[in-house]
Amino acid sequence: MRSIPVTAAVVLALLGTLTGCTMALPPDSSATPIPSATPTASGSASPTVEITLQDGDLLDPSQTAVWADPLAGADGYSVLTADEGDGSWSYKSDRTGCIVGYWHGPLGDTSAGGDDSALSDELLAAQFGTTADEVAGFVQNDAAPFRTPSELVQTRAVAGADEETATTYLVAARAFSALGEGFVATLRCPATTNVQAMWSLLSSDPNAFQLVFSQKPAG
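Residues numbered from 1 in each chain as written. Predicted model: local features only at pLDDT ≥ 70, side-chain atom pairs only at ≥ 80, totals over all residues. Heavy atoms only, no water.

### Quick notes on the sheet that holds strand 10 (residues 146-147)
Next up, step 1: Strands sit in the order 4-11-10 across an open sheet of three strands; the sheet is mixed. Edge positions in the open sheet fall to strand 4 (49-51) and strand 10, since each of these has one partner strand only. (Pairing = 2+ DSSP bridges. Helix = DSSP H or I, 4+ residues; strand = E, 2+ residues; numbered from the N terminus.)

### Observations concerning the pattern of salt bridges
Next up, step 1: Following the criterion strictly, the structure yields three salt bridges and no others.
Next up, step 2: Of the charged contacts, one joins aspartate 116 and arginine 174 as a salt bridge, the two residues approaching to 3.0 Å between their closest N and O atoms. Of this pair, aspartate 116 sits in the loop between strand 8 (99-106) and helix 1 (117-128) while arginine 174 sits in strand 13 (residues 167-176), placing them 58 residues apart in sequence.
Next up, step 3: According to the relative accessible area criterion, aspartate 116 is buried, its value standing at 0%. (Salt bridge = Lys/Arg side-chain N within 4 Å of Asp/Glu carboxyl O. Buried < 20%, exposed > 50% of the residue type's maximum accessible area, 1.4 Å probe, protein only.)

### Description of the pairing of strand 6 (residues 77-81)
Next up, step 1: Where strand 6 and strand 7 (residues 88-93) come together, four bridges link them in antiparallel fashion. Bridge pairing in strand 7 places tyrosine 77 opposite serine 93.

### A word on unusual backbone geometry
One can expect most non-glycine residues to show negative phi and most peptide bonds to be in trans.
Next up, step 1: Backbone torsion omega between aspartate 205 and proline 206 reads 20°, so that peptide bond is classified as cis.
Next up, step 2: Within the secondary structure, proline 206 is located in the loop between helix 3 (195-204) and strand 15 (211-215).
Next up, step 3: With a phi close to 55°, aspartate 69 is a non-glycine residue in the positive phi region.
Next up, step 4: Within the chain, asparagine 207 stands out as a residue other than glycine whose phi angle is a positive 55°.
Next up, step 5: Assignment of secondary structure puts asparagine 207 in the loop between helix 3 and strand 15.
Next up, step 6: Among the residues examined, asparagine 207 registers a relative accessible area of 29% and is labelled partly exposed.

### Section: the nonpolar core
Across soluble globular proteins, you tend to see nonpolar side chains buried next to one another.
Next up, step 1: Core analysis: the largest hydrophobic core is formed by 31 residues, its most contacted members being Trp67, Tyr102, Phe146, Phe176, Leu187, Trp199 and Phe209.
Next up, step 2: Listed in part, the 16 residues of the second largest apolar core include Trp103, Val158, Ala173 and Val184. (Core = buried A, V, L, I, M, F, W, Y, C linked by side-chain atoms within 4.5 Å.)

### Overview of helix 3
Next up, step 1: Those residues of helix 3 that sit buried are Val195, Met198, Trp199, Leu202 and Ser203. One face of helix 3 carries all of its buried residues, which in axial projection span an arc of 140°.
Next up, step 2: Of the residues that open helix 3, the one with a side-chain oxygen 3.1 Å from the backbone nitrogen of glutamine 196 is asparagine 194. (Arc of directions from axis to C-beta. Polar contact = N/O pair within 3.5 Å; in protein donor to acceptor, adjacent residues only side chain to side chain.)

### Side note on the side chain of glutamine 210
Next up, step 1: Relative to the elements of secondary structure, glutamine 210 occurs in the loop between helix 3 and strand 15.
Next up, step 2: Classification of glutamine 210 as buried rests on a relative accessible area of 14%.
Next up, step 3: Those residues in contact with glutamine 210, other than ones at most four positions away along the chain, are Val66, Trp67, Ala68, Arg147, Thr148 and Pro149. (Contact = heavy atoms within 4.5 Å.)

### Observations regarding the packing of aromatic side chains
Aromatic ring pairs are described here by two measures, namely the spacing of the ring centres and the angle between the planes.
Next up, step 1: In this structure the tally under the stated criterion is nine aromatic pairs.
Next up, step 2: Seen from their ring centres, tryptophan 67 and phenylalanine 183 are 5.5 Å apart, and the 85° between their planes marks the pair as edge-to-face. Taken together, the residues tryptophan 67 in strand 5 (residues 63-67) and phenylalanine 183 in strand 14 (residues 181-190) connect sequence positions 116 residues apart.
Next up, step 3: Counting every residue linked through ring pairs, the aromatic cluster contains Trp67, Trp89, Tyr91, Tyr102, Phe146, Phe176, Phe183 and Phe213. (Phe/Tyr/Trp six-rings, centres within 6.5 Å; stacked < 30°, edge-to-face > 60°.)

### As for the environment of serine 90
Next up, step 1: Position of serine 90 among the secondary structure elements: in strand 7.
Next up, step 2: Judged by relative accessible area, which is 0%, serine 90 ranks as buried.
Next up, step 3: Of note is the side chain of serine 90, whose polar atom sits 2.6 Å from the side chain of threonine 81.

### Considering the side chain of threonine 64
Next up, step 1: With respect to the element layout, threonine 64 can be found in strand 5.
Next up, step 2: Owing to a relative accessible area of 19%, threonine 64 belongs among the buried residues under this scheme.
Next up, step 3: Dropping the residues within four chain positions of it, threonine 64 is found in contact with Glu181, Val212, Phe213, Ser214, Gln215 and Lys216.

### Quick look at the state of the cysteines
Any covalent bond linking the sulfur atoms of two cysteines counts as a disulfide.
Next up, step 1: If you walk through the whole model with that rule in mind, you get one disulfide.
Next up, step 2: Each disulfide pairs two cysteine sulfurs, and for cysteine 98 the partner residue is cysteine 189, the sulfurs being separated by 2.1 Å. Looking down the S-S bond of the cysteine 98 and cysteine 189 bridge, the torsion is 120°, so its handedness is right-handed. Of this pair, cysteine 98 sits in the loop between strand 7 and strand 8 while cysteine 189 sits in strand 14, and the two are 91 residues apart along the sequence. The burial state of cysteine 98 is the same as that of cysteine 189; both residues are buried. (Disulfide = S-S within 2.5 Å.)

Remember, this is a structural readout, not a statement about activity or role.
Structure follows, in structure tokens:
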């Protein structure tokens, strides 16, 4: 199986015109990404409206978005890494041992237009210390969506397994070119845990991968 070269560094330089991006717990050098495949459909409770990757130019540039961050102070979760100003932080589940990581930051100047796929792939590639071309063969569109309170948000995601640490992981990214903002979420679980099923569970309760949109402050 062809694998993406990955690094163990916490801070990775983002490619091209994007600003710096970090990942709370990136896959290490023994990780083996899984080639893209048709994902299993989410549960029936999933929202039916979707902000697709082609909807980037439909978003209102006067808006901004943030992670809802429901794990902050939640019972059963402890802070693994705090946000020290780089836009990344993570939590560990006391029950499952799974680690949930977040990043949110600005994008540089871009002319990507209405399709956010390419910029999202650059965000993903930065997590693996490689290029968007190298990561492309492993990316899935619908494996790990984000959410708003009423919509699914399509992402670009990579799933993989790390034999040395006996873990599996999902890394999902979404760039919003119209807003000039990017989001990355990661989930790393013990190898005995179905990481994709855990992503779906965390997405429905406690809505761990939810984004909240609002108007930018005046001025």
